[in-house]
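Chain by chain, the residues run as shown.
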Amino acid sequence: MLASYVFYGWWDYRFLFLILLSTLVDFFTGIHIEKCKSRKTRNFFLGLSIFFNLGVLAIFKYYNFFISAITSSFLEIGLNVNFETLNIILPVGISFYTFQTLSYTIDIWKGGLKPTRNFINFAGFVSFFPQLVAGPIERASSLLPQFEIPRKFNSELAISGINLMIWGLFKKVVIADNAAVYTNVIFENYDNSNSLTLILGTVYFAFQIYCDFSGYSDIAIGTGRLFGFRLMRNFNYPYFSRNISEFWKRWHISLSTWFRDYLYIPLGGSKMNMIFTIRNILIVFLVSGLWHGANWTFILWGGIHAFLFLPVFFLKPSNSKVSGPLVLNISNILKICFTFSMVCMAWVFFRSKNVYEAIDYLMRIFQNQEFKITYLSIERYNIELIGLILFFVIFEWFHKNSEHPFSGKFRILKILFIIFITLVMGKFFDYKQFIYFQF
């Protein structure tokens, strides 16, 4: 045990050193980009920042993946080569703070942001603890100035933050963590399950990942508000989207807008001909998939979303923008259900261990069409989970035009109602597994 503490403690210092080094590099490159008048020198310092940040990300997150892909390629042509892989632990939050600091130097290079000379403020911006691990990915132009101005306690902002934290905690602990239990069982035993069980598995995972990720974002944003910081909204009821274009305007907003501003537009965006526009869209979605994880399943997940996005992009339906009230009618219900089905199909690749299992999982849905509730008999609380998800969807629908369900009127009553639901569900689900601390 002592050896394990020493090992993990040693790695904690390594991670701390890594984020400190990244902070130093971007702090000084930002200053030099502004100071230098020569475009060539400015480009050099920008390139230094990009090379360092993406290089660190490539080594820690993608090196083994690329080595495996190269080795497999050589095997396909009959060459057996052995490249050394790295036995390293992925640093926590590296994808998020890497993109956050990259946006800082790129914005300075564009001339839209002045670099800070206060290293403490910049280090606080890079390592701001509420959103360091899983976002939202904040822009320096929005968050950094908040470190440079005096802040006074704002009771209204703090209450809003607490409400958001309560809602995020409900999504994370009550829905995501319980859905994860059944998702794991179904995906690990998918080859012995009927079609209904496999469909339920995709739906469970859809709500697991949404409530886990958006719940964490809500807690991060709410925690920031307690300290007087305003972080950007990261999720806007994405499962009520009527097409994939709208979905990406509502899902992980900080990441999708980052790729739009720092990858899609620099590539030429949609101002080029159709072939190059399609190329740019494919690059953005494939890179987005790779950003989520070093596996072919993530890349294919991004490719599926690109395939679904392209028709919507070129047809440009009137509801592709997130604006105005979402009216409950037959047309919108069908569009929402179809979009959600397509998103769930793509989630199978996101969740599966490899591409083969994902394809096999989907094939079994259509091949093994036994829509019987035979599998549910070994899972006592499956029906309760379905009821909980339905309640959650209805509750969100009635609050889809607000930031979160606890804003507006009857806030206290709604909070008490959610606490009541949590206590009722506690009789069906074991929450003891979530009440512990690890050091």
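In what follows, the accompanying structure is described.

1. Some details on the side chain of Ser95
Relative to the helices and strands, Ser95 is located in helix H3 (residues 94-110). Of the residues examined, Ser95 reaches a relative accessible area of 6% and is grouped as buried. With residues up to four places along the chain from it excluded, the contact list for Ser95 reads Leu57, Lys61 and Trp291.

2. Section: the packing of aromatic side chains
Across all of its chains, the model carries 54 aromatic pairs by this definition. Each ring, one from Phe129 and one from Phe227, has its centre 5.7 Å from the other, and the planes form 85 degrees; the classification is edge-to-face. Taken together, the residues Phe129 in helix H5 (residues 129-132) and Phe227 in the loop between helix H8 (195-226) and helix H9 (244-250) connect sequence positions 98 residues apart. By relative accessible area, which is 44% here, Phe227 ends up partly exposed. A cation over a ring is seen here: Lys400 above Trp397, with NZ or CZ 4.0 Å from the ring centre.

3. Observations concerning the pattern of salt bridges
Evaluation of the coordinates by the stated rule reveals 10 salt bridges. In this structure, Arg139 engages Asp261 in a salt bridge whose closest nitrogen and oxygen atoms are separated by 3.0 Å. Of the two residues, Arg139 sits in the loop between H5 and helix H6 (140-147) while Asp261 sits in helix H10 (residues 253-264), which places them 122 residues apart along the sequence. With a relative accessible area of 15%, Arg139 lands in the buried category. One salt bridge connects Glu246 with Arg242, and the closest N-O pair in it is separated by 3.1 Å.

4. Side note on the side chain of Ser160
With respect to the helices, strands and loops of the structure, Ser160 is situated in helix H7 (residues 155-188). With near-sequence residues (within four places) excluded, Ser160 lies in contact with Arg225 and His404.

5. What to know about the packing of H10 against helix H11 (residues 274-292)
Direction vectors running N to C along H10 and H11 enclose 130 degrees, while the axes themselves pass 11 Å from each other. The angle between H10 and H11 falls in the class oblique. Remark: the crossing between H10 and H11 carries right-handed chirality. When H10 is examined against H11, the residues Leu255, Phe259, Leu263 and Tyr264 are found in contact with a partner set consisting of Thr277, Asn280, Ile281, Ile283, Val284, Val287, Ser288, Trp291 and His292.

6. Topic: unusual backbone geometry
Within the chain, Tyr237 stands out as a residue other than glycine whose phi angle is a positive 50 degrees. As for its position among the elements, Tyr237 is in the loop between H8 and H9. Assessed through its relative accessible area of 3%, Tyr237 is described here as buried. Here His252, not a glycine, exhibits a phi torsion of approximately 40 degrees, which is positive. Considering the arrangement of structural elements, one finds His252 in the loop between H9 and H10. Residue classification places His252 among the buried residues on the basis of a relative accessible area of 0%.

Scoring rules and cut-offs
- Residues numbered from 1 in each chain as written.
- Predicted model: local features only at pLDDT ≥ 70, side-chain atom pairs only at ≥ 80, totals over all residues.
- Heavy atoms only, no water.
- Helix = DSSP H or I, 4+ residues; strand = E, 2+ residues; numbered from the N terminus.
- Buried < 20%, exposed > 50% of the residue type's maximum accessible area, 1.4 Å probe, protein only.
- Contact = heavy atoms within 4.5 Å.
- Phe/Tyr/Trp six-rings, centres within 6.5 Å; stacked < 30°, edge-to-face > 60°.
- Lys NZ or Arg CZ within 6 Å of the ring centre and 35° of its normal.
- Salt bridge = Lys/Arg side-chain N within 4 Å of Asp/Glu carboxyl O.
- Axes fitted to C-alpha atoms, helices over the stretch in contact; angles between N-to-C directions.
- Parallel < 35°, antiparallel > 145°, perpendicular 65-115°, else oblique.
- Left-handed = near helix turned anticlockwise from the far one by under 90°.

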